[in-house]
Amino acid sequence: MITREVREWIQKVERRQYSYDDAMYELMRFSSLLTREEMKMIKAKLEDSYKN
């Protein structure tokens, strides 16, 4: 289940408030709490946000 903190992180990533490295560091901090499906969804969002 995605928590409030993870949703806020996703919103910040989508608004590009994090550099790619900072976003990955924050993801590393809470990734052990996520399911495989949630990680796949987040990976897709990261790729879309930092593609350009």
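Whatever comes next refers back to the structure up there.
Criteria and cut-off values
Residues numbered from 1 in each chain as written. Predicted model: local features only at pLDDT ≥ 70, side-chain atom pairs only at ≥ 80, totals over all residues. Heavy atoms only, no water. Core = buried A, V, L, I, M, F, W, Y, C linked by side-chain atoms within 4.5 Å. Buried < 20%, exposed > 50% of the residue type's maximum accessible area, 1.4 Å probe, protein only. Helix = DSSP H or I, 4+ residues; strand = E, 2+ residues; numbered from the N terminus. Contact = heavy atoms within 4.5 Å. Phe/Tyr/Trp six-rings, centres within 6.5 Å; stacked < 30°, edge-to-face > 60°.

Asks: Looking at this model, I keep getting lost on the nonpolar core. Mind explaining?
Replies: Grouped burial of nonpolar side chains is what soluble globular proteins tend to show. Counting residues in each nonpolar core, the largest one holds 13 residues, and the members touching the most others are V6, W9, V13, A23, L27, I42 and L46. Of all the elements in the fold, those that place two or more residues in this core are α1 (4-14), α2 (20-30) and α3 (36-49). For this core, the element with the most residues is α1, which contributes 4 residues. Once residues within four sequence positions are removed from consideration, I42 is found in contact with V6, W9, I10, L27 and L34.

Asks: Got a minute to help me understand the packing of aromatic side chains in this structure?
Replies: To describe a pair of aromatic rings, one takes the distance between the centres and the angle between the planes. Under the criterion given, the structure shown has 2 aromatic pairs. When the ring of W9 is compared with that of F30, the centres are 5.3 Å apart and the planes differ by 80°; the resulting orientation is edge-to-face. With W9 in helix α1 and F30 in helix α2, this residue pair connects regions lying 21 residues apart in the sequence. Ring plane angle 80° and centroid distance 5.5 Å describe the contact between Y20 and Y50, whose orientation is recorded as edge-to-face. Taken together, the residues Y20 in helix α2 and Y50 in the segment after α3 connect sequence positions 30 residues apart. By relative accessible area, Y20 is classed as partly exposed at 43%.

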